[in-house]
Protein chains: 4
Amino acid sequence: MKRILTATLLLALVAGAQAQPLRRSEITKHSVQSAILGEEVAYNLYLPVGYDAATPERYPVIYLLHGLYGTYADWETAGHMQDVVDELIASGECQPVIIVTPNAGDPDVHNNWNGYFNMPGRNYEDFFFQEFIPAVESTWKIQGDKSHRSIMGLSMGGGGCTVYAQRHPELFSSCYNMSGWLDEPELDPDMPKDKLYLVCQAIHEHNAIGFVSNADDATLEKLRTVKWFIDCGDDDDLIEQALRLFLAMWEKDVPSELRVRNGEHNWEYWHTALRLALPFASRNFGR
Amino acid sequence: MKRILTATLLLALVAGAQAQPLRRSEITKHSVQSAILGEEVAYNLYLPVGYDAATPERYPVIYLLHGLYGTYADWETAGHMQDVVDELIASGECQPVIIVTPNAGDPDVHNNWNGYFNMPGRNYEDFFFQEFIPAVESTWKIQGDKSHRSIMGLSMGGGGCTVYAQRHPELFSSCYNMSGWLDEPELDPDMPKDKLYLVCQAIHEHNAIGFVSNADDATLEKLRTVKWFIDCGDDDDLIEQALRLFLAMWEKDVPSELRVRNGEHNWEYWHTALRLALPFASRNFGR
Amino acid sequence: MKRILTATLLLALVAGAQAQPLRRSEITKHSVQSAILGEEVAYNLYLPVGYDAATPERYPVIYLLHGLYGTYADWETAGHMQDVVDELIASGECQPVIIVTPNAGDPDVHNNWNGYFNMPGRNYEDFFFQEFIPAVESTWKIQGDKSHRSIMGLSMGGGGCTVYAQRHPELFSSCYNMSGWLDEPELDPDMPKDKLYLVCQAIHEHNAIGFVSNADDATLEKLRTVKWFIDCGDDDDLIEQALRLFLAMWEKDVPSELRVRNGEHNWEYWHTALRLALPFASRNFGR
Amino acid sequence: MKRILTATLLLALVAGAQAQPLRRSEITKHSVQSAILGEEVAYNLYLPVGYDAATPERYPVIYLLHGLYGTYADWETAGHMQDVVDELIASGECQPVIIVTPNAGDPDVHNNWNGYFNMPGRNYEDFFFQEFIPAVESTWKIQGDKSHRSIMGLSMGGGGCTVYAQRHPELFSSCYNMSGWLDEPELDPDMPKDKLYLVCQAIHEHNAIGFVSNADDATLEKLRTVKWFIDCGDDDDLIEQALRLFLAMWEKDVPSELRVRNGEHNWEYWHTALRLALPFASRNFGR
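Residues numbered from 1 in each chain as written. Chains lettered and ligands numbered in written order. Predicted model: local features only at pLDDT ≥ 70, side-chain atom pairs only at ≥ 80, totals over all residues. Heavy atoms only, no water.

**Q** Would you explain unusual backbone geometry in this entry?
**A** Peptide bonds are mostly trans, and most non-glycine residues show a negative phi. Positive phi values are uncommon outside glycine, yet His80(B) reaches one of about 50°. For His80(B), the location among the structural elements is in the loop between helix 2 (74-77) and helix 3 (81-91). (Helix = DSSP H or I, 4+ residues; strand = E, 2+ residues; numbered from the N terminus.)

**Q** Mind showing me how you'd approach the relation of the copies chain B and chain A here?
**A** The two chain copies are related to each other by a rotation about an axis together with a translation along it. Relative to chain A, chain B is turned by 180° and slid 0.0 Å along the rotation axis, the superposed coordinates differing by an RMSD of 0.0 Å. The relationship between the two copies is best expressed as a two-fold rotation axis. Relative to the rotation axis, the C-alpha of Val260(B) is the closest in chain B, positioned 2.3 Å from it. A shared interface surface links the copies, since 100% of the contact residues of chain B are contact residues in chain A too. (Least-squares fit on C-alpha atoms with pLDDT ≥ 70 in both. Contact = heavy atoms within 4.5 Å.)

**Q** Any chance you could explain the packing of aromatic side chains here in plain terms?
**A** The description of an aromatic ring pair uses the distance of the two centres, along with the angle that the planes make with each other. By the definition in use, this model includes 80 aromatic pairs over all chains. Taking 6.3 Å as the distance between ring centres and 65° as the angle between the ring planes, the aromatic pair formed by Tyr63(A) and Phe132(A) counts as edge-to-face. With a gap of 69 residues between them, Tyr63(A) in strand 3 (residues 61-65) and Phe132(A) in helix 4 (residues 124-139) connect regions that are remote in the sequence. With relative accessibility at 0%, the residue Tyr63(A) sits in the buried group. With a centroid separation of 5.6 Å and 70° between ring planes, the pair formed by Tyr63(B) and Phe128(B) is classed as edge-to-face. With Tyr63(B) in strand 3 (residues 61-65) and Phe128(B) in helix 4 (residues 124-139), this residue pair connects regions lying 65 residues apart in the sequence. (Phe/Tyr/Trp six-rings, centres within 6.5 Å; stacked < 30°, edge-to-face > 60°. Buried < 20%, exposed > 50% of the residue type's maximum accessible area, 1.4 Å probe, protein only.)

**Q** Explain the side chain of Ser155(B) to me, please; I cannot follow it from the model alone.
**A** Residues and elements named next belong to chain B. Locating Ser 155 in the fold gives a position in the loop between strand 7 (149-154) and helix 5 (156-167). We classify Ser 155 as buried; its relative accessible area is 10%. Side chain to side chain, Ser 155 and His 265 meet in a polar contact 2.8 Å long. (Polar contact = N/O pair within 3.5 Å; in protein donor to acceptor, adjacent residues only side chain to side chain.)

**Q** What am I meant to see in the layout of surface pockets here?
**A** Which parts of space are left empty comes out when a probe the size of a water molecule is rolled across the atoms. The volume enclosed by the second largest pocket comes to roughly 580 Å³. Asp235(C), Lys227(D), Pro255(D), Ser256(D) and Glu257(D) are the residues nearest the centre of the second largest pocket, which is lined by 26 residues in total. Secondary structure elements with two or more residues in the lining of the second largest pocket: helix 3 of chain B together with strand 9 (227-233), helix 9 (239-251), strand 10 (256-261) and helix 10 (267-284) of chain D. In terms of residues, the lining of the second largest pocket owes the most to one element, helix 3 of chain B, which gives four residues. (1 Å grid on protein atoms, 1.4 Å probe; cavity = no way out; pocket = protein on both sides within 12 Å on 5 of 7 lines; lining within 4 Å. Points joined across faces, edges and corners; volume = space filled by probe spheres on them.)

**Q** Is there a simple way to explain the interface of chain B and chain A in this structure?
**A** For interface size, the figure often reported is the accessible area lost on association. On the chain A side, the residues contacting the 17 residues of chain B number 17 residues. Carbon and sulfur atoms supply 66% of the area buried between chain B and chain A, which totals about 1,400 Å² over both sides. The largest per-residue losses of area from chain B upon contact with chain A belong to Asp234(B), Leu247(B) and Trp250(B), which jointly make up 33% of the total buried on that side. Across the contact surface, chain B and chain A share two salt bridges. Run the count over chain B and chain A and you get six residue pairs in polar contact (both at pLDDT 80 or more). When contributions to the side of chain B that touches chain A are tallied by element, the ones reaching two or more residues are helix 9 (239-251) and strand 10 (256-261) of chain B. Broken down by element, the side of chain B that touches chain A gets its largest block of residues, seven residues, from helix 9 of chain B. Looking at the side of chain B that touches chain A, its residues break down into seven nonpolar, two polar and eight charged. (Buried area = accessible area lost by both parts, 1.4 Å probe. Salt bridge = Lys/Arg side-chain N within 4 Å of Asp/Glu carboxyl O. Nonpolar A, V, L, I, M, F, W, Y, C, P; charged D, E, K, R; others polar.)

**Q** Hey, could you run me through the relation of the copies chain B and chain D in this one?
**A** Between the two copies, chain B and chain D, the superposition gives an RMSD of 0.0 Å; the rotation angle is 180° and the shift along the axis is 0.0 Å. An overlap of 100% is found between the interface residues of chain B and their copies at the interface of chain D, pointing to a shared contact surface.

**Q** Help me out: how do you make sense of the pairing of strand 9 (residues 227-233) of chain A in this one?
**A** Regular strands place their side chains on alternate faces of the sheet. Residues and elements named next belong to chain A. Most of strand 9 is tucked away, with six of its seven residues classed as buried. Inspection of the sheet shows strand 8 (residues 174-178) paired to strand 9 by five bridges, in the parallel sense. Bridge assignment links Ser 174 to a residue of strand 9, and that residue is Lys 227. At this point the chain moves from strand 9, through helix 9 (residues 239-251), to the parallel strand 10 (residues 256-261), and the crossover so formed is right-handed. (Pairing = 2+ DSSP bridges. Right-handed = clockwise from strand over helix to strand, strands pointing away.)

Following this line, the structure appears as structure tokens:
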């Protein structure tokens, strides 16, 4: 009995400790139980210095997406996001922000699922908008309006963030696409339906370039409410897709920033891109 | 009498002094008398520290072209080239180099001529290759081979350098195109043949993008002997031309660097571009 | 009579025109009549896009100081400030701001006066704080509180802004010192009292490094209410002064940013510095 | 028997394969057996694309040192050196080079040894110059003269490379010190002689700043034969040491580059520093 009381007391103390403002930023792992996917989806959460569950202060949020064969943890381990974000917040180049990196691969790397779109048997996009955003934004002190929500990602996640913001311009103030996988030709339907086949098909069906070229005036007008940023290395095989997307938007008078820097499809590029992306998102919060 | 002798002696001393190695870089104005154009064509000449007409040492050369309505003097006055080049040579980022900025406007701004191409009545391209390069390279201590010759320019000069290097890949080791004016639709032939009409027509006839798309294999193979660099601001109306040129070269497997930075069609952009262009040319000398 | 009425109507129309929001930024020349100096002091005024005398909206202000032998016009002509500020405001890296560049040389370059400090016979510092700031801030739509006022300058103006913010920390939220002239040994008092002698003496008497080293705790506490930034090229003769100022502040726990970039004491350096300085000032407005 | 023959044949084929030019850069682990230290010292070796043991071509070499509590592997794992070096060589900003990262910690982290200097019982500096350099440079195709040898390092390795180049200016063309640990006050000799005590004492005895201040003219003249580069973040506790070293060199007319960028004592800073350090070393090879 005494032991149980002590444990309860300790829990209360821990909870009390958690309620104090953070003195250092932290990245912690969490998950959302998805009815749509029938599984638990992991995510990393960056909380800035000063975050305090006990006060009314709320923060803007950035959804930061990983690439093919990647996981929710990549931005922390390979992208060194904590050092980058801490430095940019300390210098004032990025305002204090909450960053969320959802998992879009699978815990079991041998199965079929991957990517940000609905596929036969796995409606990840439904999960993202119907379950993930609501769960995350009701759990943490997030402002939760379009003007304080941004989305960004690399490669498959660059395509993911672009399509998400194209289809839900009412939800995001800005979208930063790094080395985005934006288009894919239709595959032979007789091929085995493995993981790569399915994600290629999903990207084919969610062609971000065609979306712009085929958009009607009402859609284009909505696209113009998002601040777009396209960033791709000139030695990246996907540079051609990045330029075609920019030209399609140019053609349709949908303004977008474009940066082509020296570089390939690798973490050197994305690591540096994060230093451009966070201030960009920050400058467009609340506008 | 004595005074005259003294003056003569002083002049001789000054001449002797000029023959010594330069202790500071200098930009001086010169000209080439053109039989083809029937006029004198001015140019600025940058000579690096250590240049000495009396020694056998020779230098690589960069031809640096100005834009529409500009003159040979723009890179000195608006582009601050002396400070930039001095600094890059001092740091070792650019090897000691001679820079030549030919005039492609006209002394009389009210007449019809402008641009780098042959037009009815003004064969500037013929002048450039048949008269200008030979005159300059025999007057100054220039190495004068493909591997030590580079060409670069801004706007109309960005188109000019690109087309020159496309048509004479045997002459240039590298070509750096800043905010290049690369293409122009055909104009109504009934319009008055003013200066702007003529330069638009000349650019239409020398379409740098079509040149690549229509090149045969032998031409493409020659293009691959030049190091290309395309640099254009994302807020520049010409960005669409820059990207189409890059995509045409990509399609044809002609490698080119590409940089798209934040910026417009102005000297802020070209001033910074020079800091990228000179090291690029320098790294490709003698390769 | 009719003519007079027409003129009045025209004036009203002009005033009406002026009262509309600016569609392009503008730099215009103005002056303040100084009783303290007994002369009219010129300044350039940068007004951002959207400035509108007829609305209640007010802007933060930056005082931007020139160097020895310079004038109020240098930042426009040699520093290309309009292009730089326009670009930074357009990208959101700097919030819309009013910039004021006061003259601290003299209309007659042959007389004795120069610099930002009180000298025997010319009390410029008194003028600046008692006449100039009040006149400017009551004429234009400036917020006019510490948290929305910044000061910056180059060379003699780098020293000037530093000393002004040291002596009036209650007036400035930030201070950005470029290649600052911060200290000078005492000159032989028997030397002729020419312009250079007088400014050297004034700088000797306003030694910015000694100010920090000798500051008492109350003064240090006030210095900590200003965001400081020291920026100097490593090939600048004044780099030693910049580093000694930083070390003096370090010793006294007065936080300061420091950047040492490749460069000399020239406009290449200050032109680039402006791109760092404006976002720094902007990030610290309203903090 | 047949199996053995086959194995022998395979080994010969593998050896043959190894003798071909490298098609991709590689980092491999090696070691040198030290009689002086009585142990085997590990190092990583970066070989550039095209390296071929079978041809006479030789390369410049860079010794790249790690920090306190670090190991020879840090520059690969935390500094991502392969991607950085590959990119810089591909762009021509760094010439093809061999990079060597010696271990200066210990395989057993619990024992006393650490650092680049001779200590009672562990003469690492003797090992480095008498055993390590000769072994490495006779094993790999390294040019092996002063003009093609550079040394660089971070933190404890920043101090290490500085002191090595100060004491052996005849061996290095350039030295790039990142966030260097350059000085340490004398410790109480009664303290326990643990690892940290010993390295602090060694750094106290090899004070890089005092070395310059106390150098005689002949030594200073030798120091001027090395190209120096000091790079430290303005939020790094060691910034004060970096500035004092620069000022000591300035006082003695020993030229050094200096860069102070925004940043702390972390891999974000060193990762970026490598992008400056390699071109700097490269530009100074063969000068």
